[in-house]
Amino acid sequence: MATIPPSMAPSTANWHWKNKTVTPWAKAWFERELVTLSIKGEGSEEAGVSEVVDFEGDAELGQRKSKLLTIYDCRVGLKWKGTASDGTEVEGKYEWSLTTPSTPTVEALFNLVKARLPVALETKFAEFPSAIIETHGKDLTVSADTSRTGTPAPPTSNIPVASGASLATIAAAAAKPAPRTETKKLNTTTVSVDANFMASADDLFSILTDEKRIPAWSRAPAKSNPQPGAEYSLFGGGVKGKYISLNPPKEIKQTWALESPTWPTGHFATLTTTFDQSSDSTKVTWSLEGVPTGFEDEITRNLQGYYVHGLKSIGLGSEL
């Protein structure tokens, strides 16, 4: 997983949490881009990716407080083909096997592929985060209609985005949001998500509360002193609150507020995180009580995208 915060003009119009699943697009991108890769030897030897035969995983683009983050965990299966120095057509799979009978010239090409194709693949993979942002970033940039209430919507066609326009340009095209207003009476509900992780309850408890370990999955600065009454801050200040109680490795209870123009000023929900360890995994449940009515779908997506998928991104093998 990689996170690439683009250069965007600071704007409270972009503080809102949003995320977009781009897995089908990612599969098509790998199928289209990887088959363009080729390598050459000193003589007439040459080879390249011939086909993407397998794709597993998921990819998302998220927005947190004026930053776009790419979140992906993908496995790609490839076939390659090439021509040996004696003209023999050679085929194989990555990584690493031959489907062509071995000869000295075939082995020479095979060794060339093993030495140079990974470098070409790494170079192409490095383009993937930027491609996600370039293609889908405009969908998560919040437009600013001063008459809006509730959850901001993605930008519509009234914000012109030229082909290849920078994200800074997109951000600058959004007007300032309506000022935050304090809500005196609030209808609220409870939102819950859960997932199983291949880790112990002790380890997960630590990962979610240890200030030094939180950035590994949140991909942003964090402040956390896991003591009752102590303040914490996640996602670069996007979420703030105080710890109410901690019962390691069973339960964490904390106040929770979203730093967003649409989240009611001064309102704190209560997040209870519970850990249920079995023989081979631990079920973690996040239950957020006090979510303002109308925020349910968005908060559910954010809990799944930034907590569940965040933990998944560091290799804990979660199951939604």
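First, a word on scope: everything that follows refers to the structure included in this document. If you're wondering where the values come from, they're calculated on a predicted model, not measured in any experiment. (Residues numbered from 1 in each chain as written. Predicted model: local features only at pLDDT ≥ 70, side-chain atom pairs only at ≥ 80, totals over all residues. Heavy atoms only, no water.)

### Here we look at the overall build of the chain
Selection criterion: Put simply, DSSP H or I for four residues or longer makes a helix, DSSP E for two residues or longer makes a strand, and each gets a number counted from the N terminus. Only protein chains enter the accessibility calculation, which uses a 1.4 Å probe; a residue whose area is less than 20% of its type maximum is buried, one above 50% is exposed, and one in between is partly exposed. Residues are treated as being in contact if the distance between any of their heavy atoms lies within 4.5 Å. The accessible surface values rely on the Shrake-Rupley method and a 1.4 Å probe; as for residues, cover is taken only from the protein chains in view.
A tally of helices and strands in the chain yields seven helices and 13 strands. Burial statistics for the chain: of 320 residues in total, 47% are counted as buried. In the chain, once contacts between residues fewer than 6 apart in sequence are set aside, the share between residues at least 24 apart is 61%. When the accessible surface of the chain is split by element, carbon and sulfur atoms take 49% of a total near 15400 Å².

### Some thoughts on the nonpolar core
Applied cut-off: By convention a nonpolar core is built from buried Ala, Val, Leu, Ile, Met, Phe, Trp, Tyr and Cys residues, the set being connected through side-chain atoms within 4.5 Å.
Among the nonpolar cores identified, the biggest contains 39 residues, and Phe-197, Trp-256, Trp-286, Ile-299, Tyr-307 and Leu-311 are the most heavily contacted of them. The element best represented in this core is helix α7 (residues 296–312), accounting for six residues. With 34 residues, the next largest nonpolar core counts Val-22, Ala-120, Phe-128 and Ile-133 among its residues.

### Thoughts on the pairing of strand β13 (residues 282–292)
Filter applied, for reference: In this description, strands pair whenever DSSP reports at least two bridges between them.
Of the strand pairs in this sheet, strand β7 (residues 188–197) and β13 are connected by 10 bridges, and their pairing is antiparallel. From the neighbouring strand, Thr-188 faces β13, where its bridge partner is Pro-292. Between the end of strand β12 (residues 269–277) and the start of β13, which pair antiparallel, lie four residues.

### Comments concerning the environment of Pro-221
Along the polypeptide, Pro-221 turns up in the loop between α6 (214–218) and β8 (223–224). Its relative accessible area of 59% is what places Pro-221 among the exposed residues. Sequence separation of Pro-221 and Phe-235 is 14 residues, and the distance between their C-alpha atoms is 6.1 Å.

### Let's talk about the sheet that holds strand β9 (residues 231–234)
Quick note on the threshold: Here, axes are lines fitted to C-alpha atoms. For helices the fit covers the stretch in contact, and angles between N-to-C directions go from 0 to 180 degrees.
Ordered in space as β7-β13-β12-β11-β10-β9-β8, the seven strands form an open sheet in which the pairing is antiparallel. Looking at which strands have only one partner, the edges of the open sheet turn out to be β7 and β8. The strands that helix α5 (residues 201–209) touches are β7, β8, β10 (239–247), β11 (251–258), β12 and β13; relative to β12, the one it contacts most, it runs at about 155°. The strands touched by α7 are β7, β9, β10, β11, β12 and β13; relative to β7, the strand with the most contacts, the crossing angle is about 25°.

### What to know about unusual backbone geometry
Across the junction of Pro-248 and Pro-249, the peptide omega takes the value -5°, indicating a cis bond. Looking at the element boundaries, Pro-249 is found in the loop between β10 and β11. Positive phi outside glycine occurs at Arg-219, with the angle close to 55°. Relative to the helices and strands, Arg-219 is located in the loop between α6 and β8. Owing to a relative accessible area of 30%, Arg-219 belongs among the partly exposed residues under this scheme. Phi angles above zero are rare outside glycine, and Phe-235 is one such case at about 55°.

### Some remarks on the pattern of salt bridges
For the record, the criterion: Every case where a carboxyl oxygen of Asp or Glu lies within 4 Å of a side-chain nitrogen of Lys or Arg is listed as a salt bridge.
Following the criterion strictly, the structure yields eight salt bridges and no others. Linking Asp-54 and Arg-75 is a salt bridge whose minimum nitrogen-to-oxygen distance equals 2.8 Å. One end of the pair, Asp-54, is in strand β3 (residues 46–64); the other, Arg-75, is in strand β4 (residues 67–83), with 21 residues separating them in the sequence. Judged by relative accessible area, Asp-54 falls into the partly exposed class, the value being 26%. The network of salt bridges with shared partners includes Arg-32, Glu-33, Lys-124 and Glu-127.

### Let's talk about the side chain of Thr-273
Position of Thr-273 relative to the elements: it lies in strand β12. For Thr-273, a relative accessible area of 2% corresponds to the buried category. The contact partners of Thr-273, leaving out residues within four places of it in the chain, are Leu-208, Lys-250, Glu-251, Ile-252, Gln-254, Val-284, Thr-285 and Trp-286.

### Focus: the packing of aromatic side chains
Any two aromatic rings considered together are summarised by their centre-to-centre distance and by the angle between their planes. Applied cut-off: Working definition: a ring pair exists when centres of Phe, Tyr or Trp rings (six-membered ring for Trp) sit within 6.5 Å. Plane angles under 30 degrees give stacked, over 60 give edge-to-face, the rest tilted.
All told, the structure shown has 18 aromatic pairs when counted by the stated rule. Geometrically, the ring pair formed by Phe-30 and Phe-125 is edge-to-face, given 6.0 Å between the ring centres and 80° between the ring planes. Residue Phe-30 is located in helix α1 (residues 23–33), and its partner Phe-125 is located in helix α2 (residues 104–125); the two are separated by 95 residues in the primary sequence. Owing to a relative accessible area of 33%, Phe-125 belongs among the partly exposed residues under this scheme. A ring pair is formed by Trp-217 and Phe-235, whose centres lie 6.0 Å apart and whose planes are at 80°; its orientation type is edge-to-face. Taken together, the residues Trp-217 in helix α6 and Phe-235 in the loop between β9 and β10 connect sequence positions 18 residues apart.

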